[in-house]
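Architecture at a glance
So the chains spell out like this:
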2 protein chains.
Amino acid sequence: MRGTSAIVGIGESTYYKAGAATESEFQLTCTAIRRAAEDAGISVKDIDGFVSYANDRNIPTRLATALGVRELRFSGLAWDGGGNGVAGALAVADAAVTAGYANYVVCYRGLAQGQFGRFGQARERGRMRAEGHEAFRIPFGVVAPATWYAIIARRFLYEHGTTENSLAEIALVSYDNAQRNPRAVRYGRPLTKEEYLRSRWIVEPFRLYDCCQESDGAAAVIVTSADRARDHPKKPAYIWAAAQGMEYRGAAGGAFGAGYNDPEFPTAHLKVVARQLWSRAGIGPQDVQVAQFYENFTGMVVMAICELGFADPDEVEDWLLAGNIRWPNGRLPINTSGGNLAEAYIHGFELVNEAVRQVRGESTSQVDNVYYSLVVAGPGALPASAAILSAER
Amino acid sequence: MRGTSAIVGIGESTYYKAGAATESEFQLTCTAIRRAAEDAGISVKDIDGFVSYANDRNIPTRLATALGVRELRFSGLAWDGGGNGVAGALAVADAAVTAGYANYVVCYRGLAQGQFGRFGQARERGRMRAEGHEAFRIPFGVVAPATWYAIIARRFLYEHGTTENSLAEIALVSYDNAQRNPRAVRYGRPLTKEEYLRSRWIVEPFRLYDCCQESDGAAAVIVTSADRARDHPKKPAYIWAAAQGMEYRGAAGGAFGAGYNDPEFPTAHLKVVARQLWSRAGIGPQDVQVAQFYENFTGMVVMAICELGFADPDEVEDWLLAGNIRWPNGRLPINTSGGNLAEAYIHGFELVNEAVRQVRGESTSQVDNVYYSLVVAGPGALPASAAILSAER
């Protein structure tokens, strides 16, 4: 199953701070898809499959009608959770193409938080019914993503002697990379460590700059079979391996966490995904040149780096502060577009576009000789996912 | 892609009239999945993929935790629309297994309308915003499924000289078959043509018995690779072909209909699906021995029968009244469990279980020598879908 499909086109709308877009979320999504088709050298009418995640509001029937798609042949969603579905969607698209259900699947995410509500604040969630695992969270004020993940990251920091310096490093690297990327919402807005440390608490240990942006925009890629991929203008980025996963964690786990009394409580839920991913790929962390780690919160990125096998948890702070994730000379430059923190938060899908650029040699923070380009999605949410793109089949 | 995967287990909860279940929808879903695993001769812990449709509330992470699944490896949803996703879900499951993402995918639907609200009545849909194609429906009182489909079926009847006798035949056949099926909610409640004709109008041309039931229950099947399928206790039902589709219909079409001024307005949206399905299967309607047609409304079943190629629209009434869909001697017995009308309305997924029984020889209205068993989903909704199960690979 290695490299049976490839990404042959990428596109995105203009990325905006939430509320700044003048187009509707649906229009932004159409724009991203049109540009991805153009980049692939196909007519948008030849798209015959649609895949997204996280209950994307931009449904295939409406998009297909607006775009003039001749015949829709596949429509699927990576199911359950939020931005953890980024690489899950690539898995669904790869499966659809590999099994022959469609020739050109557009895999995308449209998200205009300025038009449909923000993710970051507490709000009525099913009338805040404290049922299931929510019974262990809602009564204690753990009601929104920053609070969910803060207690997980806090425990990781405590157990492994990791400090705010590691969290800062993730944020500073993203902002640094964004200064070379004119698409980035935070382009021209560099961040210093002093500004990072002065920024306000959202919920300890997360300051303002530890949290992903809120954005309006859309991003899309065109997935086709490896055989067809060679006939397109741009260098294919083969879907070398993708994995979606969740281990059994006991009844308290629910969708978002291990049991609170579980030694594995401070997890990004990526260990099982990493095992699947490296096994399917037939390679290991040492073979990857560049990675995009979904930054919901910087602390979760630190944990994801460890769970994918790039650093030991007890040594990750030294590893980070030694410059390993910095462009251009680090061992593993990450979030080379600026990522969720500084390019835009398109529920993480913009990271896939950047992973493709790295394979093509088109990034504004291009890493030399990229053969394997990694995307890791939504650390801490379930089912977690990750994918490896490759330069050759 | 023919027969690369197979259904090796089926299960269902007790089926109830909506509101009559004492278990929760989630418990009903767990029961169906446990029974499907048992029927497949596997531990429920070995399920590693979850696929459903229509925004099933019973999400994989919660199910996997409750069922003790060891490792979840795939989680996907057939996307967009309602019961039209039945065969789309089989396509997603088949793709996941065929591409190697999971070994045992459970494909299922849990639906307790008595616990979460009914589909059949007008209600606030996004505050009834008459945007997009809804601008052509909501102001005229076309606000719920029966009204959406009534105008489509009415036009078909008008154009092809079809009468209430065709609609009655669909309902009577389903009720007749249900009298042999103790699982059916309407078991022991036979329906005569006189009772059918006396029943109240829901919206012309649909009477009470033209509309699917409202039920509480769940149904599930286990999909695995064709290679593994041979090692399971029950005879495999191979997924010979599946198709999901939508043709371009112009901007007025939206998710539910062709433009109102379109000559193709009275369609079940299955023509494109039929073309894909027969082409992928390498067979035609003449090769199928038994079929399960999703009965949202009887009129849509009549149209679906025509669009799949079993009868010409101008002759379908004669074809129906000649007994062609009656068990046991009709050319194509349909809805042999009683279907949505008389077994239970599990958003149509119970039809998949019955299609498998027909391949195995386990139906209470068993057709002789079944080699190809057809399921047609949600006529009139988009993207439409259908699948063919086969007795051999």
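Above this text is the structure in question.
Predicted model, so just to flag it, every value in this text is computed and none were measured. (Residues numbered from 1 in each chain as written. Chains lettered and ligands numbered in written order. Predicted model: local features only at pLDDT ≥ 70, side-chain atom pairs only at ≥ 80, totals over all residues. Heavy atoms only, no water.)

1. With respect to helix H5 (residues 145–160) of chain A
Residues and elements named next belong to chain A. To be explicit about the condition: Every helix listed is a DSSP run of H or I at least four residues long, and every strand listed is a run of E at least two residues long, numbered separately from the N terminus. Working rule for helices: expected span equals 1.5 Å times residues minus one. For each residue, the accessible area found with a 1.4 Å probe, counting protein chains only, is set against the maximum for its type, and the residue is called buried under 20%, exposed over 50%, and partly exposed in between.
Across its 16 residues, H5 extends 23 Å between first and last C-alpha, which sits within 8% of the 22 Å expected from 1.5 Å per residue. What H5 keeps buried is the set Pro-145, Ala-146, Thr-147, Trp-148, Tyr-149, Ala-150, Ile-152, Ala-153, Phe-156 and Leu-157. Directly after H5, the chain includes Gly-161, whose backbone phi takes a positive value near 65°.

2. Description of the packing of aromatic side chains
Residues and elements named next belong to chain A. Note the threshold: Pairing of aromatic side chains here covers Phe, Tyr and the six-membered ring of Trp, requires ring centres within 6.5 Å, and sorts the geometry by plane angle: under 30 degrees stacked, over 60 edge-to-face, intermediate tilted. In this scheme, the term charge over a ring applies when either NZ of a lysine or CZ of an arginine sits within 6 Å of the ring centre and within 35 degrees of the ring normal.
Applying the stated criterion across every chain yields a total of 28 aromatic pairs over all chains. When the centroid spacing of 6.3 Å and the interplanar angle of 90° are considered together, the rings of Phe-50 and Tyr-108 count as edge-to-face. Within this pair, whereas Phe-50 is found in strand S3 (residues 49–53), its partner Tyr-108 is found in strand S6 (residues 105–112), the two being separated by 58 residues in sequence. Judged by its relative accessible area of 0%, Phe-50 is buried. Overall, the relative accessible area of 1% leaves Tyr-108 in the buried class. Measuring from ring centre to ring centre gives 6.4 Å for Trp-148 and Tyr-149, while their planes differ by 70°; the resulting arrangement is edge-to-face. With respect to class, Trp-148 is no different from Tyr-149; both count as buried. Within the aromatic cluster, the residues linked to one another by ring pairs are Trp-148, Tyr-149, Phe-206 and Phe-297. Stacked on the ring of Phe-116, the Lys or Arg Arg-57 has its end atom at 3.8 Å from the ring centre. Above the plane of the ring of Phe-26 lies Arg-62, whose end atom (NZ or CZ) is 4.2 Å from the centre.

3. Here's the deal with the relation of the copies chain B and chain A
Each of the two chain copies goes to the other by way of a rotation about an axis and a shift along it. The following threshold applies: To superpose the copies, least squares is applied to the C-alpha atoms of every residue with a pLDDT of at least 70 in both. Contact criterion: two residues are considered in contact whenever any of their non-hydrogen atoms come within 4.5 Å of each other.
When chain B is fitted onto chain A, the two copies agree to an RMSD of 0.0 Å after a turn of 180° and an axial shift of 0.0 Å. Expressed as a symmetry operation, the mapping of one chain copy onto the other fits a two-fold axis. Counting the interface residues of chain B, we find that 100% of their copies in chain A are interface residues as well, pointing to one common contact surface.

4. Considerations on helix H5 (residues 145–160) of chain B
Within H5 of chain B, burial applies to Pro-145, Ala-146, Trp-148, Tyr-149, Ala-150, Ile-152, Ala-153, Phe-156 and Leu-157 of chain B. On its buried side, H5 of chain B packs onto helix H6 (164–178), strand S7 (201–203), strand S8 (206–207), helix H10 (298–307) and helix H11 (316–321) of chain B.

5. Quick notes on the pairing of strand S12 (residues 372–377) of chain A
Residues and elements named next belong to chain A. For clarity, the threshold we go by: DSSP-based pairing: two strands are paired if at least 2 bridges between them are found.
Taking burial as the measure, the six residues of S12 include six buried ones, the bulk of the element. Alternating positions in S12 separate into two faces, Tyr-372, Leu-374 and Val-376 on one and Ser-373, Val-375 and Ala-377 on the other, with burial throughout. Sheet topology places strand S11 (residues 290–293) next to S12; four bridges connect them, and they run parallel. Across the sheet, residue Ala-291 finds its bridge partner in S12, namely Leu-374. Pairing geometry for S12 and strand S13 (residues 384–390), over six bridges, is antiparallel. Counterpart to Tyr-372 in the pairing with S13 is Ser-390. Taking the residues that link successive antiparallel strands as the turn, the S12-S13 hairpin has six residues, and the phi of Gly-378 there is positive, at about 35°.

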